[in-house]
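# Survey of secondary and tertiary structure
Take a look at the letters that make up each chain.
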Amino acid sequence: MKAALSWLPTSLKARLLVASFVLLPLMVGVAGVALQNSFYKSLELSLEERMRLKAYLVINATAEDANQRLSVVTSSAGVEGQLPIYIHDYQRVLQWSSTAAQAYGEPLSVSLSDRPLTVDLVRFEHWEDEGVFVYQYPVQWRGKEPAGRYLFSIVQPDTELKSAMTAYKLQLWGWLVAVILLSLVIQAVITRWALSPLQAMVDDLVNIERGYATRLAGEYPKEVQGVTDSLNHLLHVERKQRERYRNTLGDLAHSLKTPLAVIRGAGNEQLPPEGYRSVVDEQVRRMDQIVQYQLARAVRSQSKSMAQSTTAIAPMIKRITSALEKVYREKGVRLDLDLDESAAYAADERDLMELLGNMLENAFKYGHSHVSVTLATSQDAIQLDIEDDGLGVSPEMRQVILERGARVDTSAAPGQGIGLTVAVDILSSYNGQLEVGESSLGGASFRIIFPLG
């Protein structure tokens, strides 16, 4: 089927125009033939009616002579010399003919008489070979049987009808050709106008490709609105996917900083080879977990984790803070831990490690010398408070710092400003909350709430 249609043009506009150029002349041609035949029939009916009236006049002007032969009184009929008129008796013998009949000769007379003479059988025929119309009217004269039967024949040349038909054809087909040409022009204009939304869609897509727009913003007919909505949705999903990939790369770089800093710090401490190798092995495993975790996040949408088992939070906090104390050893940070060892949450261990690593690293990074971590469990939630004695966060900036790339002080410490955003992303997938406030130590306070049940 596809091979059979391969000759068709690929353009919708071209296909519509080709269909119009083929079908419109065909339909108009059929209509023209129908009108032509209808007009021809009307001419024939008109001619038959006129010849019938002539026959009545001829019959009315006919009389018998002394030899009982019929003849037409021309002064009464007014038809002598106008039309060929013939009168035959029941024996097919010519009784009388008009002056105009002499031009046709004997063969026509014989052909006219060679017909069954049946009363009330009126005939109207077109003899194309002779180029005439024939009207024959049988008459029963004065009740004589069968001697009183006569056949009146009136002949009309078809030149007049053919001339009228030729003039009508020229006028008809001239107008029809004009109508076809005008219709094709109008069809081309209508096709261009009807398909203009598709061209507008193409223009919008070109603008999107060149970076001038991010979605199809034009107003389209309802027939293509579904297509534009689907394209906009596809563009939105693709843009979100690219943004997620970009954010994941940033998160990956941010997450790898801590293990790299631990390895660098271990190298500066002049540890024995076994101790240094143990630290490196642990941090390499941590970096491998981070890479695998971020790759998984890049291809999945945000949704609540369906963890099958709970993860203890206190040991994870101890492991992270132990590593951070090595990283920020030169600051001499005092760490206060008040941890509920029974606190456990149904979450992916890698999510919790990423979340707690970012939050605790911020406390060590922006605190001056004191960090406090409190983990408590209530009936409805697990609450983690992380406080430091740094500069703190002003009330107007507490929402701003949760945005990706936003930082309160861009010179206090190096970073990309994405740690809190990563934490918020992870918490939102578990319906958790992050609250920013003022610490009792004088700096910032971050409260993480994990809902239970």
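Residues numbered from 1 in each chain as written. Predicted model: local features only at pLDDT ≥ 70, side-chain atom pairs only at ≥ 80, totals over all residues. Heavy atoms only, no water.

In this section: the overall build of the chain. Helix and strand counts for the chain stand at 10 helices and 14 strands. For the chain, long-range pairs separated by at least 24 residues make up 62% of all intrachain contacts whose partners lie at least 6 apart in sequence. For the chain, the exposed surface amounts to about 25,800 Å²; the carbon and sulfur share of it is 56%. (Helix = DSSP H or I, 4+ residues; strand = E, 2+ residues; numbered from the N terminus. Contact = heavy atoms within 4.5 Å. Areas by Shrake-Rupley, 256 points an atom, 1.4 Å probe, with all protein chains shown as cover.)

Ordered in space as β4-β3-β7-β6-β5, the five strands form an open sheet in which the pairing is antiparallel. Here the strands that pair on one side only, and so sit at the sheet edges, are β4 (94-97) and β5 (123-127). Pairs of neighbouring strands in the sheet enclose a mean axial angle of 20 degrees, with direction left out of account. Together, β3 (85-89), β5, β6 (132-140) and β7 (149-157) form the strand contacts of helix α1 (residues 12-60), whose direction differs from that of β6 by roughly 40 degrees. (Pairing = 2+ DSSP bridges. Axes fitted to C-alpha atoms, helices over the stretch in contact; angles between N-to-C directions.)

Let us now look at the packing of aromatic side chains. One pass over the full model with this rule turns up eight aromatic pairs. Summarising the aromatic geometry, the rings of Y135 and Y137 are spaced 6.5 Å apart at their centres and angled 25 degrees between planes, so their arrangement reads as stacked. Look at Y137 and you get partly exposed, because its relative accessible area is 22%. Ring pairing ties together the aromatic residues Y56, F124, F133, Y135 and Y137, which thus form one cluster. (Phe/Tyr/Trp six-rings, centres within 6.5 Å; stacked < 30°, edge-to-face > 60°. Buried < 20%, exposed > 50% of the residue type's maximum accessible area, 1.4 Å probe, protein only.)

This part takes up the confidence of the model for the chain. In this model, the chain carries a mean pLDDT of 79, and residues with pLDDT of at least 70 account for 82%. Taken together, the stretch residues 404-417 has pLDDT below 50 and engages in 32 contacts with residues farther than four places along the chain or on a different chain. (pLDDT = per-residue confidence, 0-100.)

This paragraph deals with the packing of helix α8 (residues 314-327) against helix α9 (residues 349-366). As a packed pair, α8 and α9 sit with axes 10 Å apart at the nearest point and diverge in direction by 40 degrees. As the angle between them shows, α8 and α9 are arranged oblique. Viewed along their axes, α8 and α9 form a crossing whose handedness is right-handed. The residues of α9 that touch α8, namely those facing M316, I317, R319, I320, T321, L324 and E325, are E349, L352, M353, L356, G357, L360, E361 and F364. In the contact of α8 with α9, the residues fall into nine nonpolar, two polar and four charged. (Parallel < 35°, antiparallel > 145°, perpendicular 65-115°, else oblique. Left-handed = near helix turned anticlockwise from the far one by under 90°. Nonpolar A, V, L, I, M, F, W, Y, C, P; charged D, E, K, R; others polar.)

A separate point is the pattern of salt bridges. Opposite charge on two side chains permits them to pair, given that their charged atoms come into close proximity. A complete count under the given rule lists eight salt bridges for this structure. Linking D336 and R334 is a salt bridge whose minimum nitrogen-to-oxygen distance equals 3.5 Å. Residue classification places R334 among the exposed positions, given a relative accessible area of 51%. It is possible to trace a salt-bridge network through shared partners that takes in E48, E49 and R52. (Salt bridge = Lys/Arg side-chain N within 4 Å of Asp/Glu carboxyl O.)

Our focus in this paragraph is the sheet that holds strand β13 (residues 433-438). Strand order in the open sheet made by the five strands is β9-β11-β12-β14-β13, with mixed pairing throughout. The strands lining the two open edges of the sheet, one partner per strand, are β9 (334-339) and β13. Direction aside, neighbouring strands of the sheet carry axes that sit 10 degrees apart on average. Examined bridge by bridge, strand β11 (residues 370-377) and strand β12 (residues 381-388) share seven bridges and lie antiparallel to one another. Counterpart to S372 in the pairing with β12 is E387. Where α8 meets the sheet, its contacts fall on β9, β11 and β12, and the angle it forms with β9 comes to roughly 175 degrees.

One finds I317, M359, L375 and F450 to be the most contacted residues of the largest nonpolar core, which totals 40 residues. Where this core is concerned, the elements lending two or more residues are α8, β9, α9, β11, β12, α10 (419-429), β13 and β14 (444-451). Of the residues forming this core, the biggest block, eight residues, is contributed by α9. F450 has contacts with I313, Y345, L352, L355, D380, A381, I382 and L427, leaving out every residue within four places of it along the chain. Residues L43, A55, F133 and F152 belong to the second largest nonpolar core, which totals 22 residues. (Core = buried A, V, L, I, M, F, W, Y, C linked by side-chain atoms within 4.5 Å.)

Further remarks concern unusual backbone geometry. Here the phi dihedral of R92 falls at roughly 65 degrees; this positive angle occurs in a residue that is not glycine. On the secondary structure map, R92 appears in the loop between β3 and β4. For R92, a relative accessible area of 46% translates into the label partly exposed.

Our focus in this paragraph is the packing of α1 against helix α4 (residues 159-194). The geometry of α1 relative to α4 is characterised by a closest axis approach of 9 Å and an angle of 155 degrees between their N-to-C directions. The orientation of α1 with respect to α4, classified from their angle, is roughly antiparallel. Two packed elements cross with a definite hand, and for α1 against α4 that hand is right-handed.

Bridge count between β5 and β6: five bridges; the pairing is antiparallel. Residue pairing for β6: F124 is matched across the bridge by Y135. The antiparallel pairing of β5 with β6 creates a hairpin that spans four residues between the two strands, and G131 there sits at a positive phi of about 70 degrees.

Turning our eyes to something else, we now look at the pairing of β6. Most of β6 sits inside the fold, with seven of its nine residues counted as buried. Where β6 and β7 come together, nine bridges link them in antiparallel fashion. The partner of V132 across the bridge, within β7, is P157.

Moving on: α9. In a regular helix each residue adds 1.5 Å, so 18 residues correspond to 26 Å; α9 covers 26 Å between its end C-alpha atoms and thus fits that length. With 15 of 18 residues buried, α9 lies mostly within the body of the structure. Two or three places before R350, at the start of α9, stands the capping residue D348, its side-chain oxygen 2.7 Å from that residue's backbone nitrogen. (Expected span 1.5 Å × (residues − 1). Polar contact = N/O pair within 3.5 Å; in protein donor to acceptor, adjacent residues only side chain to side chain.)

Right, let's get into a nonpolar patch on the surface. A surface patch of nonpolar side chains, amounting to about 570 Å² of accessible area, comprises V18, V22, L23, L26, M27 and V30. Inspection of the secondary structure assignment puts M27 in helix α1. By relative accessible area, M27 is classed as exposed at 58%. (Patch = residues over 30% accessible without salt bridge, like charges linked within 9 Å, V, L, I, M, F, W, Y side chains within 5 Å.)

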